[in-house]
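Structure at a glance
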Amino acid sequence: SNTGYIWNTLYGWTDTGSGGLLPPSVESLTQPIGHHVAHPDTKRRLHELISASGLIDSLEQIDAQPATEADVLRVHDKAHYDRILAESALPKGGDAGDGVSPFGHGGHQIALLAAGGAIEAVRAVVAGQVSNAYALINPPGHHAERSTGRGFCTFNNGAIAAAYAVEVLGLKRVAIVDWDVHHGNGAQDIFGDSAEVLNISVHQDRCFPSDSGFREERGAGEGHGYTLNVPLPPGGGSGAYDYAFDTVVLPALRAYKPELIIVASGFDASIMDPLARMMMRSEGFRGLARKLMDCAAEVSQGRLVCLQEGGYSPIYVPFCGLAVIEELAGVSTGTADAYTPILGAMGGDALLDHERDAIDLAAALVADIR
Ligand SMILES: O=C(CCC1CCCC1)NO
Ligand SMILES: [Zn+2]
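First, a word on scope: everything that follows refers to the structure included in this document. A quick note: this is a predicted structure, and the numbers were derived from the prediction, not measured.

Re the site of ligand 1
All residues in the neighbourhood of ligand 1 are listed as His142, His143, Gly151, Phe152, Asp180, His182, Phe208, Asp268, Leu275, Gly310 and Tyr312. Here an oxygen atom of ligand 1 sits 2.8 Å away from a polar atom, N or O, in the side chain of Asp180. When the free accessible area of ligand 1 is taken as 330 Å², the share hidden by the protein chains comes to 91%. Among the residues forming the shell around ligand 1, the class breakdown is four nonpolar, five polar and two charged.

Describing the pairing of strand S7 (residues 197-204)
Look at any regular strand and the pattern is simple: side chains alternate between the two faces of the sheet. Where burial is concerned, most of S7 is hidden: eight out of the eight residues are buried. As for the winding sense of the linkage, the β-α-β connection from strand S6 (residues 174-178) through helix H6 (residues 185-191) to S7 is right-handed. The sheet contact formed by S7 and strand S8 (residues 227-232) spans six bridges and is parallel. Across the sheet, Val202 pairs through a bridge with Val230, a residue of S8.

Description of empty space enclosed by the protein
Left-over empty space is what a probe sized like a water molecule reveals as it rolls over the atoms. Considering all chains together, one arrives at one cavity of 30 Å³ or more under this definition. If you trace the largest cavity, you find 13 residues lining it, with His142, Asn156, Ile176, Ala264 and Glu309 closest to the centre. Of all the secondary-structure elements, those providing two or more residues to the lining of the largest cavity are helix H5 (157-167), S6 and strand S9 (260-265).

Considerations on the sheet that holds S7
Here eight strands make up an open sheet; going across it, the order is S2-S1-S5-S10-S9-S6-S7-S8 and the pairing parallel. Only two strands of the sheet have a single partner each, and these edge strands are strand S2 (59-61) and S8. Geometrically, the sheet is characterised by an average inter-axis angle of 20° between neighbouring strands, direction not taken into account. Where strand S5 (residues 132-135) and strand S10 (residues 304-308) come together, four bridges link them in parallel fashion. Note on S10: the bridge partner recorded for Tyr134 is Cys306. Contacting S6, S7, S9 and S10, H5 crosses the sheet at an angle of about 165° to S6. In this fold helix H9 (residues 317-329) packs onto strand S1 (3-6), S2, S5 and S10, with an angle of close to 160° to the strand it touches most, S5.

How each quantity is defined
Residues numbered from 1 in each chain as written. Chains lettered and ligands numbered in written order. Predicted model: local features only at pLDDT ≥ 70, side-chain atom pairs only at ≥ 80, totals over all residues. Heavy atoms only, no water. Near = heavy atom within 4 Å. Polar contact = N/O pair within 3.5 Å; in protein donor to acceptor, adjacent residues only side chain to side chain. Areas by Shrake-Rupley, 256 points an atom, 1.4 Å probe, with all protein chains shown as cover. Nonpolar A, V, L, I, M, F, W, Y, C, P; charged D, E, K, R; others polar. Buried < 20%, exposed > 50% of the residue type's maximum accessible area, 1.4 Å probe, protein only. Helix = DSSP H or I, 4+ residues; strand = E, 2+ residues; numbered from the N terminus. Right-handed = clockwise from strand over helix to strand, strands pointing away. Pairing = 2+ DSSP bridges. 1 Å grid on protein atoms, 1.4 Å probe; cavity = no way out; pocket = protein on both sides within 12 Å on 5 of 7 lines; lining within 4 Å. Points joined across faces, edges and corners; volume = space filled by probe spheres on them. Axes fitted to C-alpha atoms, helices over the stretch in contact; angles between N-to-C directions. Contact = heavy atoms within 4.5 Å.

Dropping the structure here:
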C-alpha cells in the first residue's frame, strides 16, 4: 500500500498581492504587507517539511497535469471560466470573483494545475496505482461555486475531481468530507441536487461564508439529504471534532458507502490559524485522518484522496500536514511536532455540552442517507 503525493513548484508561485487580507488602500489606511494570509509560502513550507523529514521518500510522486476546459465546465459555467482566463491575461491579473481573492498575471495556469492535480490524484487512486493520496495543491477550491470563485478559490478542485470520477471514471457514489474550518459552500452549490455526491462539511459556525453551512441546508430534489452540514461553536478542539466524526461523518459514510472519499483538507481549524477560532493541533488532524482511513477501508476499498484547501499559519500548517500525510502513508518519520508542548497545553480539547448538543442535532440527519 502506497500513498500518492502531488506538489508542483507553481503551487508556490501564486500571487496573492500586497495586502494582508484586503488589497492595500490609502483611503482605508490598510497598509501593504509582505505576506497575504493566503501567501503560498505556507503550503511551500509544508512541502519542504515533507521533504526535510524524509517522508517524501515514502510517497509516490504523481505529476499534476493542467485541467482542461472540459474538466472545468463539468462543474462551472463557461462565463466563469472565460472571465478567469480574461482577467489572467491582464498585466496585474484579476480576482476569483468576490474582490478579496486576487490572482496574478497568468494565474489561470496555476488554478488549472491545481484542479488537474486533484484529477490526477483521483485517477491514480481509482486506478489502484496508489492506495490513497495527498494533493498539496494551490490555489484552493472549496468555496468556488458554479458561477463564481470566492474565498481565495478560483476553480472548485474537489468538485472538478468528483465530477471527473462520476462522469469519466463511472463511479456512482463519491463522498466529499470537508474538514477545512470554513463551510464547503462550493460543492453544496454544485452538487446540491445530486445524490451521486454526498457533501459533508464540518466547520466553525458562521465563520465563512457567514450566511451558509447551516444544518437546514440539506440539498434539493434527488440531492435532498446528500448535503450534510455540521456547524461547530467557536473554540472547539479534538474533542468536538472527534465526536463530530464518530457520531456524524463516519455513520454518514457507512450509510452512503461511497466508492471514493475526497477530503477537502484545510488546516485552518488549527489553534494557530488567523482566519478562524478553533483549537485543533497536529495530533488532532492525525486522528481525523486515521478515522477516515479506517472508514475508507470499510466502505471504499481504502480509496481516499486528500486535497489541500485552507490553512494560514506558516508556522503550524507544516506540522498539521506532516501528521496527516504520515498517517496516510503509515510511516513515522520520528519528527515530533515541536509545538505540541506549548500548543497542546492551551486547552480546548475537552468536548463541551454546547458542542455535543450542536453535533447531536446534525447526527439526526444521517438517518436520511441511503
Ligand atoms: O480558508 C478559507 C478562506 C476564508 C477567508 C476568505 C475571506 C475571509 C475568510 N476558506 O476555506
Ligand atoms: Zn478555510
